[in-house]
Amino acid sequence: MNTTSKDSPASSVDGPRSGGLRGFLVGSAFGIRPGEGNLAWLFFTYFLALTTVHFAAKSVRQALYIDVIGADKLPYVFLAVALISYPVLVLYSRLAGRFKHSTIIIGTTVLHAAGLVLFFALFSIESWQRGVAALYYVWLGMAFAIAVSQVWSYANHIFDPRQARRLFAFIGAGGLLGAIPGGLLAWSVTRIAGTTSTLLAAAAVMRAVPVLVLLIERNRPNIRPVSARPGRARVEQAKGGFQIIRRSRLLLLITLLMLTTVVVGQLVGWQFYWHV
């Protein structure tokens with residue numbers, strides 16, 4: 001995490017300290033201190049928009065895959081996502097190390113939106129639907145995993161450790177709430193224009209992300225520039241993180257808990273789709 005310089009604290013972002021009832025309510029409810037409001041709400045909205053897109057696009061993924069290929073084939077695509085994740089994330093790590101956070105986020109967001117439009121077009125080719133449904137399932141899993149990692153990497157770059165402890169739960173709440181507008185978006189668009197049209201609506205919502213990133217860049221505090229590590233160094237640093245987890249019983253237990261949660265969630269989801 002980057003530490004803000006003494007001459008340019010994060011409180012300078014919003015200008016003068018905000019007082020009154022609004023400032024009190026915001027600060028007491030969400031842990032946002034004076035001067036942090038703009039960035040905190042921008043990151044909240046950024047994550048909200050991102051998960052809105054994901055849950056809308058995910059509804060299309062589940063419906064078409066099960067309809068075209070079948071729920072009994074879901075374990076195969078789960079395995080494909082797991083096998084493809086590591087090389088894709090390593091490649092992304094090497095690429096991301098060469099650009100600013102804002103640049104790589106805007107670039108991948110444009111590709112994400114373009115991918116949604118492309119899959120909308122591909123799904124219209126009836127003879128390709130089985131292959132497209134499988135490819136779309138894997139692609140969406142990869143795209144969302146990268147997008148979420150970008151949110152936290154970017155927030156980690158903007159906020160100092162003390163701010164992170166207070167604000168990350170609030171930012172994460174935006175991601176959880178995204179399931180509501182995402183589901184409503186998929187339901188309403190599907191009723192009016194059909195299932196695959198949800199992809200176009202999701203791509204339209206995705207356009208908000210570059211705007212929010214530019215606003216974050218405009219409101220961010222002045223921090224000391226940090227030289228970008230080369231991609232190989234970032235991969236080695238990640239390997240160092242695995243070593244830390246292995247040496248810490250607490251981190252190892254947390255890792256196992258998260259692994260168990262994902263496995264159980266996938267199994268329960270598979271059983272649900274199988275019976276539905």
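Our subject is the structure listed above.
As the structure is a prediction and not an experimental result, all values here were calculated from the model.

With 15 residues, helix 7 (residues 179-193) ought to run about 21 Å at 1.5 Å a step, and its terminal C-alpha atoms sit 21 Å apart, in line with that. Along helix 7, the residues classified as buried are Gly182, Leu185, Ala186 and Val189. For helix 7, the angular spread of the buried residues around the axis is 95°, confining them to a single face. The exposed set on the far side of helix 7, more than 90 degrees from its buried face, consists of Ile180, Leu184, Trp187, Arg191 and Ile192. The secondary structure elements touched by the buried residues of helix 7 are helix 2 (37-68) and helix 8 (197-206). Trailing helix 7 by a residue or two, Gly194 shows a phi angle of about 105°, which is positive.

Our next topic: a nonpolar patch on the surface. A contiguous nonpolar surface patch, about 440 Å² in accessible area, is contributed by Leu177, Ile180, Leu184 and Trp187. When residues in the nonpolar patch are grouped by element, the largest group, 3 residues, is from helix 7. Within the secondary structure layout, Ile180 lies in helix 7. Look at Ile180 and you get exposed, because its relative accessible area is 53%.

Before going further, it helps to examine the packing of helix 3 (residues 74-96) against helix 5 (residues 129-158). One can describe the packing of helix 3 onto helix 5 by two numbers: an axis separation of 9 Å at closest approach and a directional angle of 45°. Relative to helix 5, the element helix 3 is oriented oblique. Relative to helix 5, the crossing made by helix 3 is right-handed. Where helix 3 approaches helix 5, its residues Leu74, Val77, Phe78, Ala80, Val81, Ile84, Ser85, Val88, Leu89 and Tyr92 are matched on the opposing element by Ala134, Tyr137, Val138, Met142, Ile146, Ser149 and Gln150. By residue class, the composition of the contact of helix 3 with helix 5 is 14 nonpolar, 3 polar and no charged.

Our next topic: the pattern of salt bridges. When their charged atoms lie close together, side chains carrying opposite charge are able to pair. Taken as a whole and assessed by the stated rule, the structure comprises 3 salt bridges. With a shortest N-O distance of 2.7 Å, Glu36 and Arg166 are connected by a salt bridge. Within this pair, whereas Glu36 is found in the loop between helix 1 (20-30) and helix 2, its partner Arg166 is found in helix 6 (residues 161-177), the two being separated by 130 residues in sequence. For Glu36, a relative accessible area of 7% puts it in the buried group. Owing to a relative accessible area of 22%, Arg166 belongs among the partly exposed residues under this scheme. The salt bridge partner of Arg220 is Glu217, with a shortest N-O separation of 3.1 Å.

Criteria and cut-off values
Residues numbered from 1 in each chain as written. Predicted model: local features only at pLDDT ≥ 70, side-chain atom pairs only at ≥ 80, totals over all residues. Heavy atoms only, no water. Helix = DSSP H or I, 4+ residues; strand = E, 2+ residues; numbered from the N terminus. Expected span 1.5 Å × (residues − 1). Buried < 20%, exposed > 50% of the residue type's maximum accessible area, 1.4 Å probe, protein only. Arc of directions from axis to C-beta. Contact = heavy atoms within 4.5 Å. Patch = residues over 30% accessible without salt bridge, like charges linked within 9 Å, V, L, I, M, F, W, Y side chains within 5 Å. Areas by Shrake-Rupley, 256 points an atom, 1.4 Å probe, with all protein chains shown as cover. Salt bridge = Lys/Arg side-chain N within 4 Å of Asp/Glu carboxyl O. Axes fitted to C-alpha atoms, helices over the stretch in contact; angles between N-to-C directions. Parallel < 35°, antiparallel > 145°, perpendicular 65-115°, else oblique. Left-handed = near helix turned anticlockwise from the far one by under 90°. Nonpolar A, V, L, I, M, F, W, Y, C, P; charged D, E, K, R; others polar.

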